[in-house]
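Results of the structural survey
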Amino acid sequence: MLSRDVRGATMSSCSVRLCILRAVLLAFVAVSTCSGSNHTLYFLSILPYPDPEPSLNPSIADGPDLFPAVQLAVDHVNNRSDVLRDYHIELIETDGGCDISSKALISLASQLFHSDKQIAGIIGPSCSESAEAVGAMSRRSEIALLSFHQGSSSLLTNRTAYPYSIGMADSPFDEVRAYIDLMKVLGWTRVAAVYNIEMLVDYSQFKQFQKEAQIAGIELTLSEVVSEIFIPHRELKESFSRVIVAFVRADVASKIMCVAYHNNLIYPNYQWILSNGYESGSVSFYYEPEDREYKCTAEEMRDAGDSEVSVVLELPSAPINTDIVSGMSIETITEAYYQRWELYNNSTDLPHTYFAFLAYDSVWAMALALNGSLETLQEKNMSLTNYTYGQSSA
């Protein structure tokens with residue numbers, strides 16, 4: 001978890017992506033409804049929240065950390081007289097879950113087909129499974145979507161499939177290229193790979209790694225699907241590769257490392273590269289294929305961790321006293337976010353995600369892109385309230 005100073009310095013201007021988004025929104029600008037003397041623009045927040053039933057919790061459930069940042073950004077935009085003048089942004093909060101089924105798609109469809117509030121833009125989703133479904137619906141409905149999670153960003157780079165979707169975060173494909181560079185430097189030419197097919201981002205990273213390894217002349221001696229109920233330790237030993245790359249969630253990685261510990265697949269004989277790191281606490285689980293229970297103490301998991309390296313993409317940083325587009329310093333916004341988070345979650349703990357700052361930036365990127373379209377629309381005697389997505393030729 002990042003410290004306040006470090007986390008506060010991760011606010012990004014995302015100027016390149018903002019230019020792309022502005023181009024999209026100049027052609028497709030949402031209809032809004034009127035509220036009093038101001039016109040209302042509705043932003044739909046689609047984020048994953050914890051389920052009351054723990055066994056049904058999504059793999060990612062950071063909505064309680066992210067929504068306060070989104071709401072804070074909306075308030076800051078609404079307080080600016082020079083951004084979207086005569087308009088007021090209203091935020092609609094929905095639970096998008098983190099599954100391909102998809103709760104996020106249901107949330108979006110509910111707003112599109114069962115509400116008279118016309119959506120000007122979508123903030124989220126926060127995981128790859130939801131992003132794929134919502135990105136497809138945003139194309140059909142011609143609504144701009146800004147996602148700020150790395151897993152979502154990798155999928156949304158396909159401009160043909162997702163023409164109205166923009167990923168704010170760096171793609172996890174950059175991590176894959178870092179793995180390849182590391183292997184080149186260390187002279188690793190034979191590696192094994194395992195991946196979780198249930199998570200789209202893990203599978204897409206693996207496919208990219210497969211492609212990059214072939215180009216780099218790195219032999220992939222084993223490619224195995226792995227899950228919470230299948231960990232192919234025998235196959236890994238028989239592959240005779242001392243380097244193993246695992247594209248899996250952190251909780252699955254913990255089970256893998258526990259199995260690796262008990263089967264001597266650890267340092268100094270083996271080197272693991274884990275795409276999402278692993279949870280280093282004690283582990284206990286029943287492994288059905290072998291009809292046995294695996295247990296690892298926290299100390300054993302730390303020993304297993306000596307075999308593991310991870311690549312972490314750092315967000316762009318700046319000194320915390322830097323003023324950003326909101327007109328406030330990063331430090332001021334960070335403190336305001338923590339206060340908002342504590343009030344929203346009724347807790348004094350620190351949030352557990354640094355994506356909150358990209359969520360904040362996403363609102364500003366959307367608002368500035370809409371603001372940038374006002375002059376063009378005015379030249380055509382139009383406004384955000386009488387211009388529909390279907391008028392793309394205007």
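Moving on to the sheet that holds strand 10 (residues 271–274). In space, the five strands of this open sheet follow the order 8-7-9-10-13, with parallel pairing throughout. Each edge of the sheet is formed by a strand with only one pairing partner; in this case those strands are strand 8 (219–225) and strand 13 (308–309). Of the pairings in the sheet, the one linking strand 10 to strand 13 comprises two bridges and is parallel in character. Considered in strand 13, the bridge of I273 is made with V309.

This paragraph deals with the packing of aromatic side chains. All chains considered together, the criterion is met by nine aromatic pairs. Ring centres 5.6 Å apart and planes at 40° place the aromatic pair F67 and Y344 in the tilted group. Pair noted here: F67 is in helix 3 (residues 63–78) and Y344 is in helix 12 (residues 330–345), with a separation of 277 residues, a long-range link. Owing to a relative accessible area of 36%, Y344 belongs among the partly exposed residues under this scheme. Aromatic ring contacts, followed pair by pair, group Y179, Y195, Y203, F206, F209 and F247 into a single cluster. Sitting over the face of the ring of Y270, R242 holds its NZ or CZ atom 5.6 Å from the ring centroid. When the ring centre of Y294 is taken as origin, the NZ or CZ atom of R292, which lies over that ring, is 3.8 Å away.

Before going further, it helps to spend a moment on the confidence of the model for the chain. Chain-level pLDDT for the chain is 80 on average; 81% of the residues reach the 70-or-more range. In this model residues 1–24 is a low-confidence stretch, pLDDT under 50, and it forms 65 contacts with partners more than four residues away in sequence or in other chains. Note on residues 26–37: pLDDT under 50 across the span, and 41 contacts to partners over four residues away in sequence or across chains.

Moving on to empty space enclosed by the protein. It is the rolling of a water-molecule-sized probe over the atoms that shows where space remains empty. Under the definition given, this model contains two cavities of 30 Å³ or more. Counted as a void, the largest cavity has a volume near 40 Å³. With three residues, the top contributor of residues to the lining of the largest cavity is helix 10 (residues 250–262). Grouping the constituent residues of the lining of the largest cavity by class yields 10 nonpolar, no polar and no charged.

Here we come to the pattern of salt bridges. Here the structure, examined in full by the defined rule, presents eight salt bridges. Ionic pairing is found between E212 and R177, a salt bridge with its closest N-O pair at 3.5 Å. Of this pair, E212 sits in helix 8 (residues 200–216) while R177 sits in helix 7 (residues 173–186), and the two are 35 residues apart along the sequence. On the basis of relative accessible area, R177 is assigned to the partly exposed category, the value being 34%. In this structure, the salt-bridge partner of R249 is D251, at a minimum N-O distance of 2.8 Å. A relative accessible area of 27% places D251 in the partly exposed class. One network of salt bridges, in which partners are shared, links D174, R177 and E212.

Rules used in this analysis
Residues numbered from 1 in each chain as written. Predicted model: local features only at pLDDT ≥ 70, side-chain atom pairs only at ≥ 80, totals over all residues. Heavy atoms only, no water. Pairing = 2+ DSSP bridges. Helix = DSSP H or I, 4+ residues; strand = E, 2+ residues; numbered from the N terminus. Phe/Tyr/Trp six-rings, centres within 6.5 Å; stacked < 30°, edge-to-face > 60°. Buried < 20%, exposed > 50% of the residue type's maximum accessible area, 1.4 Å probe, protein only. Lys NZ or Arg CZ within 6 Å of the ring centre and 35° of its normal. pLDDT = per-residue confidence, 0-100. Contact = heavy atoms within 4.5 Å. 1 Å grid on protein atoms, 1.4 Å probe; cavity = no way out; pocket = protein on both sides within 12 Å on 5 of 7 lines; lining within 4 Å. Points joined across faces, edges and corners; volume = space filled by probe spheres on them. Nonpolar A, V, L, I, M, F, W, Y, C, P; charged D, E, K, R; others polar. Salt bridge = Lys/Arg side-chain N within 4 Å of Asp/Glu carboxyl O.

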